[in-house]
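Descriptive analysis of the structure
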Amino acid sequence: MCTKNLSYFLSGSVVRGFGRGSKALGIPTANLEDNVVENLPNDFNTGIYYGWASIDGQIYKMVASIGWNPFYKNKKKTVELHLIHTFENDFYGKQIKAIFVGYIRPEKNFTSEEELIKAIKTDIAFAEEQLQKPDMIAYKYNQFFKE
């Protein structure tokens, strides 16, 4: 696993995605609107990231996938955040803010859904471990989430 540190800030509205995160994988994601994807810097690598996300004034650890999800052969690039928390309701239409603080790995294809789920769970565990570090916890209290 890669631990390249970075800090990239983004915000946008949560929109309906493909419906696979919760249903097929059991790992719900918040898909961000197309303009968030379109406004990513050209040199922003696709792959799996970790950081912090805020919704409804609460801040959560998160992992994010940016790219085309090769396993599903998506035709369009997406930004999908998985907030590491169990929510009672969805949050379509709500604003979400995120700070990407580290890069885990590039996108890759998988031979089965089970293999994909295992990789996602490994990514989540890695993110949780990294986000316990003092220099990473500091991002949770960034002014960006208070604006």
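A quick note: this is a predicted structure, and the numbers were derived from the prediction, not measured. (Residues numbered from 1 in each chain as written. Predicted model: local features only at pLDDT ≥ 70, side-chain atom pairs only at ≥ 80, totals over all residues. Heavy atoms only, no water.)

**Re the overall build of the protein**
Let me state the cut-off plainly: Note on conventions: DSSP H or I runs of at least 4 residues are helices, E runs of at least 2 residues are strands, and numbering of each starts at the N terminus. Only protein chains enter the calculation, and the probe is 1.4 Å; a residue is then buried if its accessible area is under 20% of its type maximum, exposed if over 50%, and partly exposed in between. Here, residues are in contact when the closest pair of their heavy atoms is within 4.5 Å. Here the accessible surface of atoms and residues is derived via Shrake-Rupley with a 1.4 Å probe, and residues count as covered only by protein chains that are part of the display.
Across its full length, the protein holds four helices and six strands. When the elements of the protein are put in sequence order from the N terminus, they spell out β-α-β-α-β-β-β-β-α-α. Counting across all 147 residues of the protein, residues that qualify as buried make up 46%. Considering only residue pairs separated by 6 or more positions, the protein has 71% of its internal contacts joining residues 24 or more positions apart. Taken as a whole, the protein presents about 8000 Å² of accessible surface, with 50% of it coming from carbon and sulfur.

**Observations regarding the pattern of salt bridges**
Stated formally: In the sections that follow, a salt bridge refers to a side-chain nitrogen of Lys or Arg positioned within 4 Å of a carboxyl oxygen of Asp or Glu.
Applying the stated criterion across every chain yields a total of three salt bridges. Measuring nitrogen to oxygen at the nearest pair gives 3.0 Å for the salt bridge that ties Lys76 to Asp34. Of this pair, Lys76 sits in the loop between β4 (58-67) and β5 (78-83) while Asp34 sits in helix α2 (residues 34-38), and the two are 42 residues apart along the sequence. Between Lys94 and Asp56 there is a salt bridge, and its shortest N-O distance comes to 2.8 Å. With a gap of 38 residues between them, Lys94 in the loop between β5 and β6 (95-105) and Asp56 in the loop between β3 (47-55) and β4 connect regions that are remote in the sequence. Take Lys94: its relative accessible area is 33%, and that puts it in the partly exposed class. Taking the relative accessible area as the measure of exposure, Asp56 reaches 55% and is therefore exposed.

**Observations regarding the side chain of Ser65**
Within the fold, Ser65 resides in strand β4. Apart from residues no more than four positions distant in its own chain, Ser65 is found in contact with Gly47, Ile48, Thr78, Val79 and Glu80.

**Some thoughts on the confidence of the model for the protein**
Our working rule: One confidence number per residue, pLDDT, is output by the predictor and ranges from 0 to 100.
On average, residues of the protein score 88 in pLDDT, and 88% of them are at 70 or above. No element of the protein has a lower mean pLDDT than helix α1 (residues 20-23), which averages 54, and none a higher one than β3, which averages 97.

**Here we look at the side chain of Lys61**
Heads up, the rule is: When charges are counted, neither His nor the chain ends are considered; positive counts come from Lys and Arg and negative counts from Asp and Glu.
By the element assignment, Lys61 lies in strand β4. Glu128 provides the closest opposite charge to the buried, salt-bridge-free Lys61, at an N-O distance of 4.8 Å.

**Some points on the packing of aromatic side chains**
Here is the rule we go by: Two rings belonging to Phe, Tyr or Trp (six-membered ring only in the last case) form a pair when the distance between their centres is within 6.5 Å. Interplanar angles under 30 degrees mark stacking, angles over 60 mark edge-to-face geometry, and anything in between is tilted. The criterion for a charge sitting over a ring is simple: Lys NZ or Arg CZ within 6 Å of the ring centre, and within 35 degrees of the ring normal.
Applying the stated criterion across every chain, the model contains eleven aromatic pairs. With 5.0 Å between their ring centres and 20° between their planes, Phe44 and Tyr49 make a pair best called stacked. With a relative accessible area of 12%, Phe44 lands in the buried category. Seen from their ring centres, Phe144 and Phe145 are 5.7 Å apart, and the 50° between their planes marks the pair as tilted. Judged by its relative accessible area of 14%, Phe144 is buried. Ring-pair connections join several aromatic residues into one group, and the members of that group are Tyr8, Phe44, Tyr49, Phe100 and Tyr103. Arg16 extends its terminal NZ or CZ atom over the ring of Tyr92, reaching a point 3.9 Å from the ring centre. Over the face of the ring belonging to Phe144 we find Lys97, whose NZ or CZ atom lies 5.0 Å from the ring centre.

**Focus on the pairing of β5**
For clarity, the threshold we go by: Pairing between strands is defined by DSSP: at least two bridges between them are needed.
The element β5 is extensively covered by neighbouring structure, given that six of its six residues are classed as buried. Of the two faces of β5, the one holding Thr78, Glu80 and His82 and the one holding Val79, Leu81 and Leu83 are both buried throughout. In this structure, strand β2 (residues 30-32) lies alongside β5, joined through two bridges in antiparallel fashion. From the neighbouring strand, Ala30 faces β5, where its bridge partner is Leu81. Pairing analysis gives six bridges linking β4 to β5, with the strands arranged antiparallel.

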